[in-house]
Amino acid sequence: MDTVDNNCIFCAIVAKRASAEIVYESAGALAFMDIHPIVPGHVLVIPKKHFRNLFDFDDASAQELMRVERVVARALRSAFEADGLTVLQSNERAGGQSVFHYHAHLVPRFFSDGLLTRPEQLHGAQKRVGDGWGRAEIVERIRAQIKDQ
Ligand code: 5GP
Ligand code: ZN
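Attention in this report is confined to the structure presented alongside it.

## What to know about the site of ligand 1
Taken together, 16 residues form the shell around ligand 1, and within it M33, D34, S98, H103 and H105 come nearest. Here a nitrogen atom of ligand 1 and a backbone polar atom of I35 are 3.2 Å apart. Between ligand 1 and the protein, one listed contact pairs an oxygen atom with a backbone N or O atom of S98 at 2.7 Å. Protein coverage of the free-state accessible area of ligand 1, which is 520 Å², stands at 81%. Mapped onto the shell around ligand 1, the elements with two or more residues apiece are helix 1 (9-14) and strand 2 (29-33). With three residues, helix 1 is the largest single contributor of residues to the shell around ligand 1. Of the residues belonging to the shell around ligand 1, the class tally is eight nonpolar, seven polar and one charged.

This is the structure in structure tokens:
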């Protein structure tokens, strides 16, 4: 897999061909402000290598990304005296992804912010995917597809 995609805006930010308000950079990851912040302090954390999303991520990059997420999360909590923080990471269009270079949204949270507090509030959760399947069948379908390598 290529580590750079010349048509990718986040690869351009990594290469400094496109500008961004970078808050932290390590050998393998980059953290910068989202161009359309949900709240002040909304940061994106990305691996420097081009991965489309979680489906093709590698372990070394994931480890480094998590380290940087933790560093930035603590900085955000201190900088804004946040009550909490939500990490949002979307995969493929159906999952809400619009930029196809892996990224995690770090969103400082406040009791007063009115944003969602529970996963079931995603998309209103009007329609329950998988309704009609028994819980045991759902667990079995997932276990049968686990490929741990
Ligand atoms: P997604 O919808 O894929 O989870 O999130 C993509 C995010 O990237 C959006 O929140 C959007 O505002 C942000 N974004 C898109 N293009 C740019 C850009 O060129 N620079 C920055 N800093 N953020 C961007
Ligand atoms: Zn990219």
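## Observations concerning the sheet that holds strand 3 (residues 43-47)
Taken together, the five strands give an open sheet; going across it, the order is 1-2-3-5-4, and neighbouring strands pair in antiparallel fashion. Each edge of the open sheet is held by one strand with a lone partner, namely strand 1 (22-25) and strand 4 (84-88). Going from strand to strand, the sheet's axes swing by 20 degrees on average, the running direction of each strand aside. Pairing geometry for strand 4 and strand 5 (residues 104-109), over five bridges, is antiparallel. Bridge pairing in strand 5 links G84 to R109.

## Here we look at the packing of aromatic side chains
Counting across every chain of the model gives three aromatic pairs. Arranged with centres 5.3 Å apart and planes meeting at 80 degrees, the rings of F10 and F32 form a pair that is edge-to-face. With F10 in helix 1 and F32 in strand 2, the pair connects residues that are 22 residues apart, well separated along the chain. A relative accessible area of 7% means that F10 is categorised as buried. A ring pair is formed by F51 and F57, whose centres lie 5.2 Å apart and whose planes are at 90 degrees; its orientation type is edge-to-face.

## Description of the side chain of H50
The topology assignment puts H50 in the loop between strand 3 and helix 2 (59-80). Here H50 falls in the buried class, since its relative accessible area comes to 10%. Engagement of the side chain of H50 in a polar contact is seen with the side chain of H101, the distance being 3.3 Å.

## What about the environment of A12?
Note on placement: A12 falls in helix 1. Taking the relative accessible area as the measure of exposure, A12 reaches 9% and is therefore buried. Apart from the residues lying within four places of it in its own chain, the contact partners of A12 are R17 and A18.

## Looking at the pattern of salt bridges
Note on pairing: side chains with opposite charge can pair once their charged atoms come close. Evaluation of the coordinates by the stated rule reveals eight salt bridges. The residue E92 makes a salt bridge to R52 at a minimum N-O spacing of 2.8 Å. In this pair, E92 sits in the loop between strand 4 and strand 5 while R52 sits in the loop between strand 3 and helix 2, placing the two residues 40 residues apart along the sequence. On the basis of relative accessibility, which here comes to 37%, the residue R52 falls in the partly exposed class. Members of the salt-bridge network, linked through shared partners, are K16, E25 and K48.

Conventions and cut-offs
- Residues numbered from 1 in each chain as written.
- Chains lettered and ligands numbered in written order.
- Predicted model: local features only at pLDDT ≥ 70, side-chain atom pairs only at ≥ 80, totals over all residues.
- Heavy atoms only, no water.
- Near = heavy atom within 4 Å.
- Polar contact = N/O pair within 3.5 Å; in protein donor to acceptor, adjacent residues only side chain to side chain.
- Areas by Shrake-Rupley, 256 points an atom, 1.4 Å probe, with all protein chains shown as cover.
- Helix = DSSP H or I, 4+ residues; strand = E, 2+ residues; numbered from the N terminus.
- Nonpolar A, V, L, I, M, F, W, Y, C, P; charged D, E, K, R; others polar.
- Pairing = 2+ DSSP bridges.
- Axes fitted to C-alpha atoms, helices over the stretch in contact; angles between N-to-C directions.
- Phe/Tyr/Trp six-rings, centres within 6.5 Å; stacked < 30°, edge-to-face > 60°.
- Buried < 20%, exposed > 50% of the residue type's maximum accessible area, 1.4 Å probe, protein only.
- Contact = heavy atoms within 4.5 Å.
- Salt bridge = Lys/Arg side-chain N within 4 Å of Asp/Glu carboxyl O.

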